[in-house]
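Analysis of the macromolecular model
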Amino acid sequence: MKLIDGLNYREWQKRNTQKFNALTTSQQKEARKQGYKNQGWQNVQKSWKIIQSLFSNLVSMFEAKLNKGDLVGALELSILEGEESQTIARKAIDEISQTQKEIDEKADRILAKYPLL
């Protein structure tokens, strides 16, 4: 299976679709006008670049709060995002630990079944 930037074709399509759906209707129209089409490797990659260009024009919630002078809101948002990142990291560590445990168990079973010469 061909991977580009660590993603296969279906993962690229899914990412494009999720980001495309997060755009406003006018941004979606603009994306289509620029050639957004989420089928075929070439189109999927081109569409990702189109989506990125549209998102680069957006201001993050953090920046919006800072621009309005809402320093407390910006800090609260940063803290919330940090907590969410920690939760995601903990879940990833748990999944990796579980996978490692399963691999170790399989290796032990195989070594028990086929002793070293």
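For the structure, see preceding data.
Residues numbered from 1 in each chain as written. Predicted model: local features only at pLDDT ≥ 70, side-chain atom pairs only at ≥ 80, totals over all residues. Heavy atoms only, no water.

**Some thoughts on the overall build of the protein**
- What the protein contains, in helices and strands, is 5 helices and 0 strands.
- Starting at the N terminus and walking to the C terminus, you meet the elements of the protein as α-α-α-α-α.
- For the protein, whose C-alpha radius of gyration is 22 Å, the value lies well above the compact-globule estimate of 13 Å for 117 residues.
- Dimensions along the principal axes, computed over C-alpha positions, put the protein at roughly 70 × 45 × 20 Å.
- For the protein, contacts bridging at least 24 residues in sequence account for 44% of all contacts bridging at least 6.
- On the protein, roughly 9400 Å² of surface is accessible, and the fraction owed to carbon and sulfur atoms is 56%.
- Here the protein contributes 19 positive and 15 negative side-chain charges, whose respective centroids are spaced 12 Å apart. (Helix = DSSP H or I, 4+ residues; strand = E, 2+ residues; numbered from the N terminus. Rg over C-alpha atoms; globule rule 2.2 N^0.38 Å. Contact = heavy atoms within 4.5 Å. Areas by Shrake-Rupley, 256 points an atom, 1.4 Å probe, with all protein chains shown as cover. Lys, Arg positive; Asp, Glu negative; His and termini not counted. Charge placed at Lys NZ, Arg CZ, Asp CG, Glu CD.)

**Topic: the pattern of salt bridges**
- A full pass over the atoms with the stated rule returns 1 salt bridge.
- For Lys65, the salt bridge goes to Asp70, with nearest N and O atoms at 3.9 Å. (Salt bridge = Lys/Arg side-chain N within 4 Å of Asp/Glu carboxyl O.)

**With respect to the packing of aromatic side chains**
- This model, assessed by the stated rule, comprises 3 aromatic pairs.
- Here the aromatic rings of Tyr9 and Trp41 are separated by 5.6 Å at their centres, their planes lie at 65 degrees, and the arrangement is edge-to-face. A residue pair is termed long-range when its members are at least 10 positions apart, and Tyr9 in helix α1 (residues 9-22) and Trp41 in helix α3 (residues 41-56) qualify at 32 residues.
- Relative to Trp41, the ring of Trp12 has its centre 5.9 Å away and its plane inclined at 70 degrees; by these criteria the two rings are edge-to-face. (Phe/Tyr/Trp six-rings, centres within 6.5 Å; stacked < 30°, edge-to-face > 60°.)

**Re the side chain of Gln27**
- Looking at the element boundaries, Gln27 is found in helix α2 (residues 25-33).
- Judged by relative accessible area, which is 16%, Gln27 ranks as buried.
- A polar side-chain atom of Gln27 sits 2.9 Å from the main-chain amide nitrogen of Thr24. (Buried < 20%, exposed > 50% of the residue type's maximum accessible area, 1.4 Å probe, protein only. Polar contact = N/O pair within 3.5 Å; in protein donor to acceptor, adjacent residues only side chain to side chain.)

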